[in-house]
Amino acid sequence: MRTVDIIQKKRDGGELSAAEIRFLIDGYVKGDIPDYQVSAWAMAVFFQGMSPRETAELTMAMAESGDMIDLSPIHGVKVDKHSTGGVGDSVTLALAPMVAAAGVPVAKMSGRGLGHTGGTIDKLESIPGFRVELSRDDFIRQVNEIGLAVIGQSGNITPADKKLYGLRDVTATVNSIPLIASSIMSKKLASGADAIVLDVKTGNGAFMKSLDDSIRLAQAMVDIGTELGRHTVAVISDMDQPLGSAIGNALEVKEAIHVLKGEGTPSLTDICLALGSHMLVLGGKAESPAEGERLLRESIANGTALAKFEQFIKAQGGAAAVAQDPQGTLPAAARIVPVEAGAAGYVTRIVAEEIGTAAMLLGAGRATKESQIDLAVGIILRKRVGERVEAGEAIAELHVNGTQPDELERVAQMVRSAYDIHSQPTEAPPLLYAVVTKDGVQRLEAKA
Ligand code: URA
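This section reports on the structure supplied with the text. Worth saying up front: this structure is predicted, and the values here are computed from it rather than measured.

**Overview of the site of the ligand**
(1) Moving on: Close to the ligand lie Tyr165, Arg168, Ile180, Ser183, Ile184, Lys187 and Phe207, which account for all nearby residues.
(2) Moving on: With respect to the ligand, the side chain of Arg168 contributes an N or O atom lying 2.9 Å from an oxygen atom.
(3) Moving on: For the ligand, an oxygen atom lies 2.5 Å from a polar atom in the side chain of Lys187.
(4) Moving on: Protein chains bury 90% of the 240 Å² of accessible surface belonging to the ligand in isolation.
(5) Moving on: The element contributing the most residues to the shell around the ligand is helix α9 (residues 177-190), with four residues.

**As for the pairing of strand β9 (residues 378-381)**
If a strand is regular, its side chains alternate between the two faces of the sheet.
(1) Moving on: Of the two faces of β9, the one holding Gly378 and Ile380 and the one holding Ile379 and Leu381 are both buried throughout.
(2) Moving on: Looking at chain direction, strand β6 (residues 246-247) and β9 are connected through two bridges and run antiparallel. Counterpart to Ala246 in the pairing with β9 is Ile380.
(3) Moving on: Note that β9 and strand β11 (residues 394-400) share four bridges and pair antiparallel. Among the inter-strand pairings, Gly378 is bridged to a residue of β11, identified as His399.

**Describing the packing of aromatic side chains**
(1) Moving on: Tallied over the full model, the rule gives three aromatic pairs.
(2) Moving on: A centroid spacing of 5.2 Å and a plane angle of 80 degrees characterise the contact between Phe46 and Phe47, whose relative ring orientation is edge-to-face.
(3) Moving on: Take Phe47: its relative accessible area is 63%, and that puts it in the exposed class.
(4) Moving on: Ring geometry for Phe130 versus Phe312: centroids 5.6 Å apart, planes at 70 degrees, classification edge-to-face. Within this pair, whereas Phe130 is found in the loop between α6 (120-125) and α7 (136-146), its partner Phe312 is found in helix α14 (residues 304-315), the two being separated by 182 residues in sequence. Neither Phe130 nor Phe312 differs from the other in exposure class; each is buried.
(5) Moving on: Among the aromatic side chains, those forming a connected cluster through ring pairs are Phe130, Phe309 and Phe312.
(6) Moving on: Cation over ring: Lys163 sits above Tyr28, and NZ or CZ is 4.4 Å from the ring centre.
(7) Moving on: The positively charged end of Lys187 is found above the aromatic ring belonging to Tyr165, 5.8 Å away from the centroid.

Conventions we followed
- Residues numbered from 1 in each chain as written.
- Predicted model: local features only at pLDDT ≥ 70, side-chain atom pairs only at ≥ 80, totals over all residues.
- Heavy atoms only, no water.
- Near = heavy atom within 4 Å.
- Polar contact = N/O pair within 3.5 Å; in protein donor to acceptor, adjacent residues only side chain to side chain.
- Areas by Shrake-Rupley, 256 points an atom, 1.4 Å probe, with all protein chains shown as cover.
- Helix = DSSP H or I, 4+ residues; strand = E, 2+ residues; numbered from the N terminus.
- Buried < 20%, exposed > 50% of the residue type's maximum accessible area, 1.4 Å probe, protein only.
- Pairing = 2+ DSSP bridges.
- Phe/Tyr/Trp six-rings, centres within 6.5 Å; stacked < 30°, edge-to-face > 60°.
- Lys NZ or Arg CZ within 6 Å of the ring centre and 35° of its normal.

Coordinates in, geometry out; function isn't part of it.
Rendered as structure tokens:
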């Protein structure tokens, strides 16, 4: 087999065989096939696409390029959740204990943040003492004992995806639906999921800006899951403004605890209920999403979700007091600086990516993989889309440690310009647009 023939076949719109895809991926990981040939192939895929069968073969080849985690010693259906990346997205922190409290085991491997999006592992590390590394045996024992563990990705998971993603980043081939879908699903398969619930974001802060593209990405991932025998459901949700009102590690932990106490930001609570309800169905604890939602609401109302969070934090060495007293337990920034609206009107849009970048500049996120982050700093949004503001009123707060005055002014200006304020009132955007399953697309709301 010759790599050049594989590139040519894809360039001309052909369908690659399983053997050709394996040859390419295995050869790339081993270093036998150079970056320039894989770049040409990725560009051919970008323009020609891949069939559902090819996409599933690529997913499996990437999943099997490294360790395949075996979660079979954990009792019950292991349902994983993945978000395509958001700003102010502390969903995992609230959702995992809610789902575990309702009886579905959560054995989750999460990542760190990069660029304008945050990572669950960084957020958890803002809880004093919390350990994100557990041995495989301890991880499995903890899930069997308390139903929940969250650790950082370790070992050699999907090396093919790591290498290919790095290459796509510098060859303008990230935004290809089969390449994104196979990249995400390969990591879920390698992490041992039996079933998968996906939160596919749509809007200005997402990979996919249009609803139709977001649905196509969701369908590609559901097709892969179905082809590979993993029940997969995707929810399409809004990223035309940050999901929650807190952006920054400790700030987001605090916001997630509010959800568990039944006092959460409505958008964050609602997305946890939507994703969690499907997790309970796939995990065999609910007959329908409506029943799943009822069970999750019960876990909040009767305190079992918060108690599960407390138990989980304690099991991983963290200060369990955080559940009852987040303010007194989490690191806090030295100063809070308000950002004031320049004009009166109604908030029509908050560019999520700009807010994420502003939080990164304060130190909450990483500009490069090597950057050090400050777990206490970040941004609290005081106004959301649809709300009225007066000139000079605070639209947001910057939580700051040591940022120099000129940089602080730059960040404040960035937050101000991320807000579109108009004289005409506008409705808050819908949160959930569609649910995609193997049976089709259920559209919930149209997108403006
Ligand atoms: N997230 C991933 O893991 N992979 C992609 O290709 C895009 C987003």
